[in-house]
Protein chains: 2
Amino acid sequence: MFNIKHQNTIESAVKANHERAFYSQYPEHPKAYGENAAEQGEARYKDLLQKPYKQLLQTGETTWAGEEVSPFTREALGITYPLFTADELVGRAISAAPQWRNTQVDVRADILVETLESIKERFFDIAYATMHTTGQSFMMSFQASGPHANDRALEAIAMGYYEGNRYPASLIWEKPMGKTSLQLKKNFRAIPKGVGLVIGCSTFPVWNSLPGIYADLVTGNPVIVKPHPKAILPIAIVVSAIQQVLQEKGFSPNLCQLASDTSAAPITKTLCEHPGIQLIDYTGSSQFGNYVESLPDKTVFTEKAGVNSVILDSVADVDAVMQNLAFSVSLYSGQMCTAPQNFFIPAQGITTAAGKLSFDEVVQKFRDAVVSLVNNPKMGAGTLGALQNENTLERAHNAGKLGAKVILEGQPLVNEEFTRARGCTPAILEVGSEDKHIFEQELFGPVLLLIKTKDTNESIQLARQMAQQHGAITCAAYTTSPEVKEKITEEMNSVFTPVSFNFTGFIWVNQHAAFSDFHVTGGNPAGNASFTNPEFILRRFVWVGNREVAGS
Amino acid sequence: MFNIKHQNTIESAVKANHERAFYSQYPEHPKAYGENAAEQGEARYKDLLQKPYKQLLQTGETTWAGEEVSPFTREALGITYPLFTADELVGRAISAAPQWRNTQVDVRADILVETLESIKERFFDIAYATMHTTGQSFMMSFQASGPHANDRALEAIAMGYYEGNRYPASLIWEKPMGKTSLQLKKNFRAIPKGVGLVIGCSTFPVWNSLPGIYADLVTGNPVIVKPHPKAILPIAIVVSAIQQVLQEKGFSPNLCQLASDTSAAPITKTLCEHPGIQLIDYTGSSQFGNYVESLPDKTVFTEKAGVNSVILDSVADVDAVMQNLAFSVSLYSGQMCTAPQNFFIPAQGITTAAGKLSFDEVVQKFRDAVVSLVNNPKMGAGTLGALQNENTLERAHNAGKLGAKVILEGQPLVNEEFTRARGCTPAILEVGSEDKHIFEQELFGPVLLLIKTKDTNESIQLARQMAQQHGAITCAAYTTSPEVKEKITEEMNSVFTPVSFNFTGFIWVNQHAAFSDFHVTGGNPAGNASFTNPEFILRRFVWVGNREVAGS
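Once a new chain begins, its residue numbering starts again from 1 and follows that chain's sequence as written. Chains and ligands are labelled sequentially in the order written, the chains with letters from A and the ligands with numbers from 1. Totals for whole chains, interfaces and linings use every residue, but because this is a predicted model, local features are given only for residues with pLDDT of at least 70 and side-chain atom pairs only at 80 or more, for both listing and counting. To obtain the side-chain values, all non-hydrogen atoms of the structure were used and water was disregarded.

### Examining the environment of Ala-386 of chain B
Residue and element names in this part refer to chain B.
Here comes step 1: Here Ala-386 shows up in the loop between helix H14 (380-384) and helix H15 (390-397).
Here comes step 2: For every residue, the accessible area obtained with a 1.4 Å probe (protein chains only) is divided by the maximum for its type, and the residue is called buried under 20%, exposed over 50%, and partly exposed between those limits. In this structure Ala-386 comes out as buried when scored by relative accessible area, which is 0%.
Here comes step 3: Counting along the chain gives 249 residues from Ala-386 to Ser-137, while the straight-line C-alpha distance between them is 7.3 Å.
Here comes step 4: Setting aside anything within four residues of it in sequence, one finds Ala-386 in contact with Pro-71, Phe-72, Thr-134, Gly-135, Tyr-332, Gln-335, Ala-421 and Arg-422. In this description a helix means any DSSP run of H or I spanning at least four residues, a strand means any run of E spanning at least two, and both kinds are numbered starting from the N terminus. Residues are treated as being in contact if the distance between any of their heavy atoms lies within 4.5 Å.

### Thoughts on unusual backbone geometry
Residues and elements named next belong to chain B.
Here comes step 1: Of note, Gln-50 is a non-glycine position whose phi angle comes to about 60°, a positive value.
Here comes step 2: Here Gln-50 is to be found in the loop between helix H2 (37-48) and strand S1 (63-65).
Here comes step 3: Of note, the phi angle at Phe-496 is positive, near 60°, even though the residue is not glycine.
Here comes step 4: Tracing the sequence through the fold places Phe-496 in the loop between helix H18 (482-494) and strand S18 (500-501).

### Examining the UniProt feature "domain: Aldehyde dehydrogenase" (unreviewed entry) in chain A
Here comes step 1: Taking the numbering used here, the UniProt-annotated feature "domain: Aldehyde dehydrogenase" (unreviewed entry) corresponds to residues 86-492 of chain A.
Here comes step 2: Segment residues 86-492 of chain A splits into 45% helix and 20% strand. End C-alpha atoms: 41 Å apart. UniProt positions are given in the numbering used here, feature names are shortened, and annotations may be inferred rather than shown by experiment.

### With respect to the side chain of Asp-517 of chain A
Here comes step 1: Relative to the assigned elements, Asp-517 of chain A resides in the loop between strand S18 (500-501) and helix H19 (534-538).
Here comes step 2: Each residue touching Asp-517 of chain A, except ones within four places of it in the same chain, is listed here: Arg-20, Arg-152, Gln-511, His-512 and Phe-531 of chain A together with Lys-186 and Arg-547 of chain B.

### Re the relation of the copies chain A and chain B
Here comes step 1: Least-squares superposition of the copies uses the C-alpha atoms of those residues scoring a pLDDT of at least 70 in each of them. For the pair chain A and chain B, the superposition axis carries a translation of 0.0 Å, the fit reaches an RMSD of 0.0 Å, and the rotation angle comes to 180°. Seen this way, the second copy is the image of the first under a two-fold rotation axis. Distance from the rotation axis, computed per C-alpha, reaches its smallest value in chain A at Glu-535 of chain A: 3.3 Å.
Here comes step 2: In this assembly, 100% of the residues forming the interface of chain A have copies in chain B that are likewise at the interface, indicating an isologous arrangement.

### Describing the packing of aromatic side chains
Here comes step 1: When the centres of two rings from Phe, Tyr and Trp lie within 6.5 Å, Trp using its six-membered ring, the rings pair. Their planes under 30 degrees apart give stacked, over 60 give edge-to-face, and anything left gives tilted. On inspection of all chains with the given rule, the structure shows 59 aromatic pairs over all chains.
Here comes step 2: Seen from their ring centres, Tyr-26 of chain B and Phe-123 of chain B are 6.1 Å apart, and the 75° between their planes marks the pair as edge-to-face. Taken together, the positions of Tyr-26 of chain B in the loop between helix H1 (7-19) and H2 and Phe-123 of chain B in helix H5 (residues 123-134) put the pair 97 residues apart, joining distant regions of the chain. Take Tyr-26 of chain B and Phe-123 of chain B: they sit in the same class, and that class is buried.
Here comes step 3: Residues Phe-327 of chain B and Trp-508 of chain B carry aromatic rings whose centres are separated by 4.3 Å and whose planes lie at 35° to one another, so their mutual orientation is tilted. With Phe-327 of chain B in helix H12 (residues 318-330) and Trp-508 of chain B in the loop between S18 and helix H19 (534-538), the pair connects residues that are 181 residues apart, well separated along the chain. As far as burial versus exposure is concerned, Phe-327 of chain B and Trp-508 of chain B are alike and both buried.
Here comes step 4: Sitting over a ring, as applied to charges here, requires NZ of Lys or CZ of Arg to be within 6 Å of the ring centre and within 35 degrees of the ring normal. Between the NZ or CZ atom of Lys-485 of chain A and the centre of the ring of Phe-501 of chain A, over which it lies, the distance is 5.9 Å.
Here comes step 5: The ring of Phe-359 of chain B carries the charged tip of Lys-452 of chain B above its face, separated from the ring centre by 4.8 Å.

### A look at the environment of Gln-104 of chain A
Here comes step 1: Examined against the element boundaries, Gln-104 of chain A turns out to sit in the loop between helix H3 (86-101) and helix H4 (105-120).
Here comes step 2: Once the C-alpha coordinates of Gln-104 of chain A and Gly-220 of chain A are considered, the two residues, 116 residues apart in sequence, prove to be 8.6 Å apart.

### Points about the domain arrangement of chain A
Residues and elements named next belong to chain A.
Here comes step 1: Segmentation into domains, and thus their bounds, comes from an automatic or database assignment. Under the domain assignment, chain A is made up of domain 1 (39-168 + 194-303 + 529-541) and domain 2 (309-501).
Here comes step 2: Inter-centroid distance (C-alpha atoms) of domain 1 to domain 2 is 32 Å.
Here comes step 3: Residue-level contacts link 18 residues of domain 1 with 19 residues of domain 2.
Here comes step 4: Summed over both sides, the interface of domain 1 with domain 2 buries roughly 1500 Å², with 59% coming from carbon and sulfur.
Here comes step 5: Reported buried area values correspond to the accessible surface (1.4 Å probe) lost by two parts on association, with both partners' losses combined. In terms of surface lost to domain 2, no three residues of domain 1 exceed Phe-72, Arg-74 and Met-140, which account for 37% of the buried area on that side.
Here comes step 6: Distance and chemistry together define a polar contact, namely a pair of N or O atoms within 3.5 Å, with one atom able to donate a hydrogen and the other to accept it when in protein, and with adjacent residues in sequence counting only for side-chain atoms on both sides. Across the domain 1-domain 2 interface, the total number found is 10 residue pairs in polar contact (both at pLDDT 80 or more).
Here comes step 7: Element by element, the count of residues in the side of domain 1 that touches domain 2 is highest for helix H5 (residues 123-134), at four residues.
Here comes step 8: Of the residues assigned to the side of domain 1 that touches domain 2, the class counts are five nonpolar, nine polar and four charged. Put simply, Ala, Val, Leu, Ile, Met, Phe, Trp, Tyr, Cys and Pro go in the nonpolar bin, Asp, Glu, Lys and Arg in the charged bin, and everything else, Gly too, in the polar bin.

### A closer look at the packing of H5 of chain A against helix H6 (residues 138-145) of chain A
Residue and element names in this part refer to chain A.
Here comes step 1: Axis definition: a line fitted to C-alpha atoms, over the contacting stretch in the case of helices. Angles run 0 to 180 degrees between N-to-C directions. The contact between H5 and H6 brings their axes to 8 Å, and the two run at 125°. Looking at the two axes, H5 sits oblique to H6. Viewed along their axes, H5 and H6 form a crossing whose handedness is right-handed. Along the contact surface, H5 presents Phe-123, Phe-124, Ile-126, Ala-127, Tyr-128, Thr-130 and Met-131, while H6 presents Phe-138, Ser-141, Phe-142 and Ser-145.
Here comes step 2: Looking at side-chain class alone, the contact of H5 with H6 contains eight nonpolar, three polar and no charged residues. Small angles under 35 degrees read as roughly parallel and large ones over 145 as roughly antiparallel, with 65 to 115 read as roughly perpendicular and the rest as oblique. Crossings are classed by handedness, with left-handed meaning an anticlockwise turn of the near helix from the far one by less than a right angle and right-handed meaning a clockwise turn.

### Some thoughts on the interface of chain A and chain B
Here comes step 1: If you look at the interface, chain A gives 67 residues, while chain B gives 68 residues.
Here comes step 2: Both faces combined, the contact of chain A with chain B buries some 5800 Å², and carbon together with sulfur accounts for 57% of it.
Here comes step 3: Salt bridge, as used here, is a side-chain nitrogen of Lys or Arg placed within 4 Å of a carboxyl oxygen of Asp or Glu. Seen at the junction of chain A and chain B, the total is 12 salt bridges.
Here comes step 4: The shortest N-O distance in the salt bridge between Lys-186 of chain B and Asp-517 of chain A comes to 2.7 Å.
Here comes step 5: Summed over the shared surface of chain A and chain B, the result is 33 residue pairs in polar contact (both at pLDDT 80 or more).
Here comes step 6: For the side of chain A that touches chain B, the secondary structure elements donating two or more residues are helix H1 (7-19), helix H7 (147-164), strand S3 (170-177), strand S4 (180-192), helix H18 (482-494), S18, H19 and strand S19 (541-549) of chain A.
Here comes step 7: Here the side of chain A that touches chain B takes eight residues from S19 of chain A, the largest share from any one element.
Here comes step 8: Its residues placed into classes, the side of chain A that touches chain B shows 32 nonpolar, 18 polar and 17 charged.
Here comes step 9: Direction of pairing for S19 of chain A relative to S18 of chain B: parallel, over a ladder of two bridges. The residue of S18 of chain B that forms the bridge with Glu-548 of chain A is Phe-501 of chain B. By this definition, two strands are paired if DSSP reports at least two bridges between them.

### Looking at H6 of chain A
Residues and elements named next belong to chain A.
Here comes step 1: Extensive coverage of H6 is indicated by the burial of six of its eight residues.
Here comes step 2: Those residues of H6 lying buried are Met-140, Ser-141, Phe-142, Gln-143, Ala-144 and Ser-145.
Here comes step 3: Its buried side turned inward, H6 meets H5 and H7.

### Quick word on the side chain of Thr-456 of chain A
Here comes step 1: Following the sequence through the fold, Thr-456 of chain A ends up in helix H17 (residues 456-470).
Here comes step 2: In this structure, Thr-456 of chain A is in contact with Ile-311, Leu-312, Asp-313, Pro-346 and Val-484 of chain A, ignoring residues within four places of it in sequence.

### Looking at the sheet that holds strand S6 (residues 223-226) of chain B
Sheet strands associate in pairs through backbone hydrogen bonding, adopting either a parallel or an antiparallel arrangement.
All names here are of chain B.
Here comes step 1: The sheet built from five strands is open, its strands ordered S7-S6-S5-S8-S9 with parallel pairing. Looking at which strands have only one partner, the edges of the open sheet turn out to be strand S7 (256-258) and strand S9 (299-303). Going across the sheet, the axis of each strand differs from the next one's by a mean of 15°, ignoring polarity.
Here comes step 2: By the bridge criterion, three bridges tie S6 to S7 in an arrangement that is parallel. Looking across to S7, one finds that Val-225 is bridged to Leu-258.
Here comes step 3: This element, helix H8 (residues 210-218), spans strand S5 (195-199), S6, S7 and strand S8 (277-283) of the sheet and lies at about 175° to S5.

### Concerning the pattern of salt bridges
Here comes step 1: For the structure shown, the criterion picks out 48 salt bridges over all chains.
Here comes step 2: A salt bridge links Asp-319 of chain A to Lys-365 of chain A; its shortest N-O distance comes to 3.2 Å. Remark: Lys-365 of chain A occurs in helix H13 (residues 359-375) and Asp-319 of chain A occurs in helix H12 (residues 318-330); sequence separation between them is 46 residues.
Here comes step 3: Relative accessible area serves as the criterion here: at 38%, Asp-319 of chain A is assigned to the partly exposed category.
Here comes step 4: Shared partners join several salt bridges into a network, and the residues in it are Glu-163 and Arg-166 of chain A together with Glu-163 and Arg-166 of chain B.

See the structure below:
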């Protein structure tokens, strides 16, 4: 028997996965990690700049390249990473596989929790790396790439531990045969599918990659981590930490390799189509995601794009609602896959506890709430962060050219700490329910559409249609009517979209909590995978049962 | 709260699914069902002949057709079935869906167990219908289409019940926020994917269709049952029984419809490609199965063809082994998807407890065992049954033309009860390990290939390669060496093929027991689905979680 150091942690996480009540292994408050942790992390981050990244333990001679630029300073990080061919990466993964495959799932889970503990020591290094590659504010960088990502990883480990132990390793099967019986010895083995590839995105390089990385590893598959070439450092630090623990435990660091590349010479498609790759996790655009999903003979998990809706029907406290929504749309400048984009508002307005508000009054209240937040020097820049890339900035700048009525133009964002930061305040447009050509596309970044509908029924019907045809990860709805609530639930759930009702205060539709909220349902075009439902784990291995005549 | 009549049955089945020890709800001995049950069933079967089949409760005016012919009597059954268009079938399924979808999984499971109890009352009607459409012997017809199929159905119901209750229907999520806390009410719903289609085959029209039918129904999806036009009656009786119970319980019989068609005007592809169909279960040829798997936007479960291997290395009692294998290959004339086809035997022969046997001696022993079984008047016809169709007969007749050394020619099978039965004794051929063009194809029916290999290592390597490239559902292996056993296990499991070691006596590699053995692993080209692993259920619905501010 092995001594499973983190048994309690794993079993608590298994329980949390089932119960779905509040649970967190890694506190989300930076202060929980010690007085000087942030400062030390920043120093370590700065030490990495302007040189080759030498912390990886994966083997092989190589060339080096890097092209990361901080969205806050607009300066190159100057870090280079080792480049490998797909054949080199896959070959090393295959060589490393047998020892890991033949290690029982309990031990794999234990070692993987140990890697999370090691990553925890680097939370602040990762936070600064995330900030200066993605444009997330410091607080979001810390939480999303640190404790929240680790919690999601632990969730996947726990699901792997649970499912990997679902069936007995061995048993005696005894069939009664009249006065005698027939006995077989049986054993059940969870055979990993092969080598995994996890393709990251430029906005959430850690949070969106950790579930796939840990799901592959806990089920016994080596994993190749392919970051976006503009956001390598955060996940490079994570991969280094994993490799170090694997090596300390006597396993090959090649079980988890970083596959950096460059925009000029990308290797993602070569890796995807490599016959040695069986599993692919992908986060990014729908176009590339559809390509990945179309690959034959691969098991594919995607999170692609969607258009998220807000349905406004009736509210108790309209100001509380508008403040909540203004924060939701401003958070990281609409660059979260969970951010709302399409606001469906009935032409006759909405009812509130303080009386009826006309459509134009609702629009005005929302506009005012956004302006107020954005212009608040203590809130604005810290909430909006920076835009990861120029395309997103241009999309926001050009929102006025979409042909809709401009309620609020995107303006340069004032950021006192980083005066050169790439920023733009939210652009708000008003369109009619007939303007589908405008609102049926994802306008990634700080662009919001207020859609005037005939009534709430039309709002629901359009939100449903968008989710079904173009995908949706979230839907926020505001209603004081139980009947309308039931109808929204039925209609949005029927297209596999979860609904968040009447959020005000310190909870936002953008947030999906590990161990409780599934992130993406997997049922509509926004993606085929879900963090972490059972399928996210089960599709990575195959149950095989062997039998033998007892005593043979 | 509902009163769940079959709660104990369901929970025992859930437990059995996890423990995988011997379990059966429906005894496999015909005598367990009463003295006159067989006779009465035969009479009811005969009453159905030569007239339209009027027992279905599904609605709609229609035309009628039927083309079944008994492989035993070579006479047409003369039964006609109602024909519907894909639009009619799908439209009715969609109309029937909401009530069923909104019924909680416990109640659905309970009603479905009730349908199994109703099917039990028709086990013998179904047995005779199976016999005279598939060519299975009476005993196999009874067991495979009766108790074994019902056990597989219960297994799927139990998995649906378990997975449908995995997450709490509702809960309060409370996040600590310093001295206060934040509360959300959450609910989790298992939303069915849509309308299911279950495509049956001509050899196991009930056994292979029931898991998909019950998996669809227990997860809340209506199902359309598309039988092979040459084997409709067995599943028509099952569908009638299901419809009757559904109607008695206040649900639409259109939740489970029969979609009969004719060879001249098949509707399978129209159904598969219908936008209203979301789920497809398929059993049959690899060619059609690959088409089904390639359909975009469908959730597909397949059991296709494979080439099953026997690896002979070393044995204790060679006669016991040969008797066991002779029975395995003779059972239903090799028309089971689990039947062995390729026998890998080392050129230098095998060791036995009684000394070494040369390759030719092994071949002779196997040939003798087959001849002895086939010519045994008490065993032959009852074991081999009849061939379902002329193609299988021709394949057996033409085996000598494959270019291999003929060890035993297929001969007309003597059947005293049915003198016109379509039958052929097994043809046995000897080939070399270089003759891949012969043994890498499935030769469905009574054709066996004895392959002379350099040694057991080559045997393993070839069996592995066949499974990986062409699929395999079973692998039988005989060895007295623990090292060889370990190697065979590793190699065959690595291509997701289960191994049965050293079977002798009353247990055969062809048999997969419900609640214990997975049928097909889903990991190699023999099929992507497994009866009944968790995926077989989970991919039919989507978990969606809704949230609301508590008290809103």
